[in-house]
Amino acid sequence: MALADLASILWREREMLELLLFKLEEEQLVLASGRTRWLAHATREVEVVLEEIRRTEVVRAAEVEAIAVELGVGPNPSLSRLAEAAPPPWGDLLTQHRQAFLTVTAEVSAMAEANRDLLTAGARAARETMLSIAGSVETYGRRGETVATAPRTRLIDEAM
């Protein structure tokens, strides 16, 4: 029965990772739209899902330790190690879970990286705008030090 419990926990984790991917995509849409009013809400939703994933991981780790003792594979085994030691059909099911985790975590990582890039670009643009209004723009000199320069002349089309 322990393997059935583990399979249920793994399904729950997969669902949570899919939800995290969805929430990250929502956050990305908010960032890309430039409508930052909802950014705090989107970020909070991502954090809520991450916290739920952490709780589920603790439960999974405890279940894996119990199964590891049953199967005699040693402490803290990987999912692939459990799959090798598990009797049919559990080994195949654990292998499928492992592959699904690899896929969705790669997608989550890529989406999180894209969101970080959007946040960095937005922060940089806001900072440069504020500095240009203040009368100077900071940039990097030849040796990597920060230097202030005169703002670039900007043409504004008043007809827009």
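Let us look at the structure shown here. (Residues numbered from 1 in each chain as written. Predicted model: local features only at pLDDT ≥ 70, side-chain atom pairs only at ≥ 80, totals over all residues. Heavy atoms only, no water.)

1. A closer look at the nonpolar core
Grouped burial of nonpolar side chains is what soluble globular proteins tend to show.
For step 1, the next point in the chain: Ranked by internal contacts, the top residues of the largest apolar core, which has 26 residues, are Leu6, Leu20, Leu24, Leu82 and Leu94.
For step 2, the next point in the chain: Contributing elements (two or more residues each) for this core: helix 1 (2-33), helix 2 (39-71), helix 3 (79-85) and helix 4 (90-134).
For step 3, the next point in the chain: Tallying contributions element by element places helix 1 first for this core, with 9 residues.
For step 4, the next point in the chain: Not counting chain neighbours up to four residues away, the residues in contact with leucine 6 comprise Arg60, Glu63, Val64, Ile67, Leu82 and Leu94. (Core = buried A, V, L, I, M, F, W, Y, C linked by side-chain atoms within 4.5 Å. Buried < 20%, exposed > 50% of the residue type's maximum accessible area, 1.4 Å probe, protein only. Helix = DSSP H or I, 4+ residues; strand = E, 2+ residues; numbered from the N terminus. Contact = heavy atoms within 4.5 Å.)

2. Here's the deal with the side chain of lysine 23
For step 1, the next point in the chain: Mapped onto the elements of the fold, lysine 23 is located in helix 1.
For step 2, the next point in the chain: Overall, the relative accessible area of 14% leaves lysine 23 in the buried class.
For step 3, the next point in the chain: Those residues within four positions of lysine 23 in sequence are excluded, and the remaining contacts are Glu45, Val46 and Val49.

3. Side note on the environment of alanine 2
For step 1, the next point in the chain: Within the element layout of this structure, alanine 2 appears in helix 1.
For step 2, the next point in the chain: You can call alanine 2 buried: its relative accessible area is 12%.
For step 3, the next point in the chain: Sequence-distant contacts of alanine 2, defined by excluding residues within four places in its chain, comprise Glu63, Ile67 and Glu70.

4. Quick look at unusual backbone geometry
For step 1, the next point in the chain: Here the bond from proline 88 into proline 89 is cis, since omega is -5°, no more than 30 degrees from zero.
For step 2, the next point in the chain: Relative to the elements of secondary structure, proline 89 occurs in the loop between helix 3 and helix 4.
For step 3, the next point in the chain: Positive phi outside glycine occurs at asparagine 76, with the angle close to 50°.
For step 4, the next point in the chain: As for its placement among the helices and strands, asparagine 76 is situated in the loop between helix 2 and helix 3.

5. A word on helix 1
For step 1, the next point in the chain: For helix 1, spanning 32 residues, the distance from its first C-alpha to its last is 47 Å, which sits close to the expected 46 Å at 1.5 Å a residue.
For step 2, the next point in the chain: Following helix 1 by one or two positions, glycine 34 adopts a phi angle in the positive range, close to 80°. (Expected span 1.5 Å × (residues − 1).)

6. Quick notes on the side chain of histidine 97
For step 1, the next point in the chain: Take histidine 97: it is sitting in helix 4.
For step 2, the next point in the chain: On the accessibility criterion, histidine 97 (0% relative accessible area) is buried.
For step 3, the next point in the chain: Leaving out residues up to four positions away in the same chain, histidine 97 has contacts with Ala7, Leu10, Trp11, Arg14 and Leu79.

7. Regarding the pattern of salt bridges
For step 1, the next point in the chain: Inspection of the entire model under this criterion finds 9 salt bridges.
For step 2, the next point in the chain: For arginine 55, the salt bridge is made with glutamate 51, and the minimal N-O distance between the two is 4.0 Å. Of this pair, arginine 55 and glutamate 51 both sit in helix 2, 4 residues apart, which is roughly one turn of the helix.
For step 3, the next point in the chain: Using a relative accessible area of 47% as the deciding quantity, one classes arginine 55 as partly exposed.
For step 4, the next point in the chain: It is possible to trace a salt-bridge network through shared partners that takes in Arg12, Glu51, Glu52, Arg54 and Arg55. (Salt bridge = Lys/Arg side-chain N within 4 Å of Asp/Glu carboxyl O.)

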